[in-house]
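# Understanding the architecture of this molecule
Each chain, letter by letter, is given below.
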There are 2 protein chains.
Amino acid sequence: MDTAELIELGQQLRVDSVRASAAAGSGHPTSSMSAADLMAVLLANHLRYDFDRPAHPGNDRFVLSKGHASPLLYSAYKAAGAVDDEELLSFRRLGSRLEGHPTPRRLPWVETATGSLGQGLPVGVGIALSGKRLEHTGYRVWVLCGDSELAEGSVWEAAEHAGHEHLDNLTAIVDVNRLGQRGPTRHGHDLNAWARRFQAFGWHTVEIDGHDVDAVDRAYGEAVSTKGQPTVILARTLKGRGVESVQDREGLHGKPLPDADAAIEELGGVRDLRVRVHEPADARTLHSVPTGRPDLPRWDKGEEAATRDAYGKALAALGDAREDVVALDGEVSDSTRAEVFAKAHPERFFECYIAEQQLVAAAVGLAARGWVPYASTFAAFLTRAHDFVRMAAVSGAGINLVGSHAGTAIGQDGPSQMGLEDLAMFRAVHGSTVLYPCDPNQTAALVAAMADLDGVRYLRTSRGAAPALYGPDEEFPVGGSKVLRSSGRDRVTIVAAGVTVHEALKAADALAGEGVAVRVIDLYSVKPVDRDTLRRAAEETGCLLSVEDHHEQGGLGDAVLDAFLDGRPAPRLARLAVRTMPGSAGPDEQLHAAGIDAESIAASARLLVEQSIAP
Amino acid sequence: MDTAELIELGQQLRVDSVRASAAAGSGHPTSSMSAADLMAVLLANHLRYDFDRPAHPGNDRFVLSKGHASPLLYSAYKAAGAVDDEELLSFRRLGSRLEGHPTPRRLPWVETATGSLGQGLPVGVGIALSGKRLEHTGYRVWVLCGDSELAEGSVWEAAEHAGHEHLDNLTAIVDVNRLGQRGPTRHGHDLNAWARRFQAFGWHTVEIDGHDVDAVDRAYGEAVSTKGQPTVILARTLKGRGVESVQDREGLHGKPLPDADAAIEELGGVRDLRVRVHEPADARTLHSVPTGRPDLPRWDKGEEAATRDAYGKALAALGDAREDVVALDGEVSDSTRAEVFAKAHPERFFECYIAEQQLVAAAVGLAARGWVPYASTFAAFLTRAHDFVRMAAVSGAGINLVGSHAGTAIGQDGPSQMGLEDLAMFRAVHGSTVLYPCDPNQTAALVAAMADLDGVRYLRTSRGAAPALYGPDEEFPVGGSKVLRSSGRDRVTIVAAGVTVHEALKAADALAGEGVAVRVIDLYSVKPVDRDTLRRAAEETGCLLSVEDHHEQGGLGDAVLDAFLDGRPAPRLARLAVRTMPGSAGPDEQLHAAGIDAESIAASARLLVEQSIAP
């Protein structure tokens, strides 16, 4: 398109943003209007995309990091012929694909859900990594950011990652409209303040007037031709541009325009320009279909191994069998054992350094391109990426997250390194799967099973070694459990997972020596949970005692209770969990201090048996 | 101290770090040895601190952001006479104050718990803000960082915050030893790479050889004399400095030295230098003692108000009564209503922009200086700061966090903006309090009550208005609940909080019209939970139905179950919660779609009543 057409297209995107928000009675038209010219030029002259084939491997990828500017995105879809005017005006209504913030669950052209600011660029880096290091296709990644969201540290994790990886297939476009929700940003219209920051992180920078379509056009061309560095285009814009009564004014964020009809008139009225978006380049398909069962590592029963060791070896073996498996780590791969995969498959390993938000975001980006990512760090430090995990669920992204060094059992390093909140965090994520193995063969089987699940999958591993409880051919379905001790005389059921399984077995043996039979369930699938087995144990033993190396809220104990929420009478229930703030101590001392070791379990079980005899 | 003495002191700190780690059989001596000269010069020539009076308002504040270098910190304490050699050698043992990573719960000289990297500088910014904007004393804040942790985005949130606030009382010292845990950092010994980044964020930078004690001494002097900007000292160092077999080598992170005796000999043997640390400057006490009951806002029964509105007004009133109350917000104060406080008490309000990690870190820093901070953003976005909240609990920090726009009830904005995981997140934080009011008077009372609690306090507020259910003089003890409907004929108890209380009351009225009496409990104190009232309801009605605008894991329903984990038979239990991924829709449509509106509650209650009649 030429200058005049681009100006007209920008006005159309503004008008349609105003119309959609007016129809909805809510939304962010002013945030859309500032970026309308940036979007118009991209759509008409630079984006290579086939809206009929969103899965085309050669398509450019567009991420609307400032997700609240969804009216602009949907107006662009309309201009591209992907949605019609009627659908545009269904914006924010129940059942509409056009949500307040865009999600790929509903719209095939959306790469990742946005709306939590500072996430689009980090995920865009993951997509660009795929393009550059794995797919070797010529697609570009365009991320439209707001200026307010540059306050998020995650943006600078992404900037560092992209700069270090020389991602010249990535362009960030910053709509510097100087106004956040509440008021002015820290740097207002000082484009150079932002340029200095991005330059320091290794980016090529371009500063322009974001309403000068020719300047925008040249800037995109410069981004495309810049080699060896990502480019950021810093565009000075006005929020609400084009409508005098709202332009560049505070207090109008996230509100429909006061007088939509007058605004539309001021913008030159409704238009119906159609954009012929450039075709994507030819590109090969991403990777071959998985090739079958991996040759997983095997441990003999009784052989000592840490589940984190089993994770590393199993993941490497899975990578042998499946070329769609990739791994990422937060600079602790010697601890998480992701290093085993990294050595076996260096081309599919991504070192993310100590930047857990970027670690998870890159995994989301890689998943968006069809890879099956496994991202690992200490369980404790995955809390750093909680908002990214939450948004991954909104995206419906299929990612595997692996948290090592779970619980007090890590020992001397103390509470800062102990994952004691991770089960609660991951269980509350919509559509998640939460797995917590106690044994190396079990770990290996679950690592392989995770690959084919939907949504966010979490595996919790342990630091210390323990004897293998299962043989290498045992099966561990997700949603299942293992009954490790059972008889017709069981008086209590101990429900454990991970490190506490071993303690529960010791307690059961001690109690057996006293003539007290107890059942032991290894609840390795924390979510979904094996309700049938738990129900049966409750019926047969009358009482369930859960034991977990985790704070008492939201973890294994609460998972057990999921089985008893159907309005039928619940059994007798008791819970052992970490109720104190640990300090430094040896692993066994920690379990004892937390009251989750064999001795504590046996004592609690005895008490429960006595209670059941009492009148 | 002069050059020769400083060199000796540095060697002593190395030797003692090696000795402590050897005695413990674990720890991070090599990470301590790189920073030993930096610490020696600071302790001997620049820090102003009275170890006998850690609460002295004029004390400088030292934060060991690279918390794993705790042997160095404790060796410095020994050199200052604060701990003796016997205690030094208790490092990492059960019961020792000298934990693997330092915490203020155990040691009075520690400002904040570290060990999750990238947190020391953000919290240091909070302390420096207090010094600069509130206390107006001359103390300095010194933060010793590792180079690896500069990959964390939180460091750049802090850098931006400190630069913008011109915190010239803050000095970051970066021990650039080029090696992380797994291997080399992104920038190795390229000090200028880091300098460019900090300069871009408005910092004064000094690049030095971190083992040249005179250069270190001059750098500290330069930091002290630099006005209008924070200073970062970028010090080139060698990990394991001074012991040839470990110096600057990979694979030795977090391990005691292979031959401690030989290393100590190579370092010149054990010394016992004592440092006379400079006295703190005179300083006034921080702020006056709270002055009594605040004059809280009042609403008449039936008057419509959103709990977020009540929050803003109550906080402003609390600020009138107590000059130790401060507020922070993440650039959404018009939504959270923290703006009411900001307008009333601008000198005690801190705008943190869209940087939730820094928001919480600054609150932790302010709490460390004795203030009572209230930090607010959308409930959904507090997940961004989960790791900081976790570490605040390790610190034992007293902070109030307020999450607005909770749940599906926000309506059209969609799932990215909905807090649906926040209750799970905050309940699992050790020692936390979790409050969820449904009414403006209740909100006001809880806002005031929070100020005097220990640990992490969370208040969940709602976007939409609802009629006041309580009068302005009603009391709402933390740990209590309110029974809103009750009779001797109740067949089911509905347990609700926040927005679902209003739905539960509508359901109860509908059921009453059908002749079915149900009890309704407003469980505004989600943690601690009112076990007695729940127990009594279970005994009297036989069945509990919890209803929450939150995912089904870790929230209100699990809190209810806390009352029934004592090994006695549990009642019949059922739960309504958000089980789907919402899209955009109106608030009432959202509650209906999630199955937590009055209609859904009534339908479930009917079913439970029928079940109880069934044979």
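Residues numbered from 1 in each chain as written. Chains lettered and ligands numbered in written order. Predicted model: local features only at pLDDT ≥ 70, side-chain atom pairs only at ≥ 80, totals over all residues. Heavy atoms only, no water.

## Some thoughts on the UniProt feature "domain: Transketolase-like pyrimidine-binding" (unreviewed entry) in chain A
Here is the rule: UniProt positions are given in the numbering used here, feature names are shortened, and annotations may be inferred rather than shown by experiment. Think of it this way: any DSSP run of H or I at least four residues long counts as a helix, any run of E at least two long counts as a strand, and we number them from the N terminus.
Per the UniProt record, "domain: Transketolase-like pyrimidine-binding" (unreviewed entry) is found at residues 305-468 of chain A. Between the first and last C-alpha atoms of residues 305-468 of chain A the distance is 7 Å; the span itself is 40% helix and 21% strand.

## Observations regarding the packing of helix α19 (residues 499-513) of chain B against helix α23 (residues 598-613) of chain B
Residues and elements named next belong to chain B. Applied cut-off: For helices, the axis comes from a line fit to the C-alpha atoms of the stretch in contact; other axes are also lines fit to C-alpha atoms, and the angle between any two N-to-C directions lies between 0 and 180 degrees. Put simply, angles under 35 degrees are roughly parallel, angles over 145 are roughly antiparallel, angles from 65 to 115 are roughly perpendicular, and the rest are oblique. The hand of a helix crossing depends on one turn: near helix anticlockwise from the far one by less than a right angle means left-handed, and clockwise means right-handed. Contact between two residues is taken to exist if any of their heavy atoms lie within 4.5 Å; hydrogens are not considered. Basically, the charged four are Asp, Glu, Lys and Arg, the nonpolar ten are Ala, Val, Leu, Ile, Met, Phe, Trp, Tyr, Cys and Pro, and anything else, Gly included, counts as polar.
At their nearest, the axes of α19 and α23 sit 8 Å apart, and the two run at 55° to each other. Considering their axes alone, α19 and α23 lie oblique with respect to each other. Judged by the twist between their axes, the crossing of α19 over α23 is right-handed. Side by side, α19 and α23 meet where Thr500, Glu503, Ala504, Lys506, Ala507 and Leu511 of the first sit next to Ala598, Ile601, Ala602, Ala605 and Arg606 of the second. A per-class count over the contact of α19 with α23 returns seven nonpolar, one polar and three charged.

## Regarding a negative patch on the surface
Let me state the cut-off plainly: Residues enter patches when their relative accessible area tops 30% and they take part in no salt bridge; the joining distance is 9 Å for like charges and 5 Å for the nonpolar side chains Val, Leu, Ile, Met, Phe, Trp and Tyr. Every accessible area reported is derived by Shrake-Rupley at a probe size of 1.4 Å, with residue values counting cover from the shown protein chains alone. A pair is scored as a salt bridge if a Lys or Arg side-chain nitrogen falls within 4 Å of a carboxyl oxygen belonging to Asp or Glu. Counted as positive: Lys and Arg. Counted as negative: Asp and Glu, with His and the chain ends omitted from the count. Taken as the charge centre is NZ of Lys, CZ of Arg, CG of Asp or CD of Glu, depending on the residue.
A surface patch of negative charge is lined by A:Asp2, A:Glu5, A:Asp209, A:Asp212 and A:Asp214. Locating A:Glu5 in the fold gives a position in helix α1 (residues 3-24).

## Points about the relation of the copies chain A and chain B
This is how the line gets drawn: Here the copies are matched by least squares. The fit uses the C-alpha atoms of residues with pLDDT of at least 70 in both.
After a rotation of 180° and a shift along the axis of 0.0 Å, chain A superposes on chain B with an RMSD of 0.0 Å. The symmetry that links the two subunits is that of a two-fold axis. Distance from the rotation axis, computed per C-alpha, reaches its smallest value in chain A at A:Gly153: 1.8 Å. Residue by residue, 100% of the interface of chain A is reproduced at the interface of chain B, so both copies engage with the same surface.

## Notes on the interface of chain A and chain B
In plain terms, the rule: Buried area, as used here, totals the accessible surface that two parts lose on assembly, with accessibility defined by a 1.4 Å probe and the loss added over both. Side-chain atoms alone can form a polar contact between residues adjacent in sequence; in general such a contact is a pair of N or O atoms within 3.5 Å, and within protein one must be able to donate a hydrogen while the other accepts it. For two strands to be treated as a pair, DSSP must find at least two bridges joining them.
Contacts between the two partners involve 105 residues from chain A, matched on the other side by 105 residues from chain B. In total, about 8700 Å² of surface goes out of reach between chain A and chain B, with carbon and sulfur atoms giving 51% of it. When the area that chain A buries against chain B is broken down by residue, the three leading residues are A:Arg182, A:Arg186 and A:Arg384, summing to 10%. The residue A:Arg182 makes a salt bridge to B:Glu351 at a minimum N-O spacing of 2.9 Å. Along the contact surface separating chain A from chain B lie 59 residue pairs in polar contact (both at pLDDT 80 or more). Across two bridges, the pairing between strand β19 (residues 566-569) of chain A and strand β20 (residues 572-578) of chain B is antiparallel.

## Quick look at empty space enclosed by the protein
Test applied: Throughout, the protein atoms alone are placed on a 1 Å grid, and a set of points is a cavity if a 1.4 Å probe fits but cannot get out or a pocket if it is open with protein on both sides within 12 Å along at least five of seven lines; lining residues have an atom within 4 Å of a point. Grid points are joined across faces, edges and corners, and a volume is the space filled by probe spheres set on the points.
In total, this model carries 13 cavities of 30 Å³ or more according to the counting rule given. Of the pockets and cavities examined, the largest cavity occupies roughly 170 Å³. Contributing to the lining of the largest cavity are 18 residues, with A:Leu47, A:Phe62, A:Leu73, A:Tyr77 and A:Trp109 lying nearest its centre. Where the lining of the largest cavity is concerned, the elements lending two or more residues are α3 (36-46), β1 (61-64) and α4 (70-79) of chain A. When the residues that make up the lining of the largest cavity are grouped by side-chain class, the tally is 15 nonpolar, two polar and one charged. When its volume is computed, the second largest cavity comes out at roughly 110 Å³. Around the second largest cavity, the lining residues are B:Met39, B:Leu42, B:Leu43, B:Leu47, B:Tyr49, B:Phe51, B:Phe62, B:Leu73, B:Ala76, B:Tyr77, B:Trp109 and B:Glu111. Of all the elements in the fold, those that place two or more residues in the lining of the second largest cavity are α3 (36-46) and α4 (70-79) of chain B. In the lining of the second largest cavity, the residues fall into 11 nonpolar, no polar and one charged.

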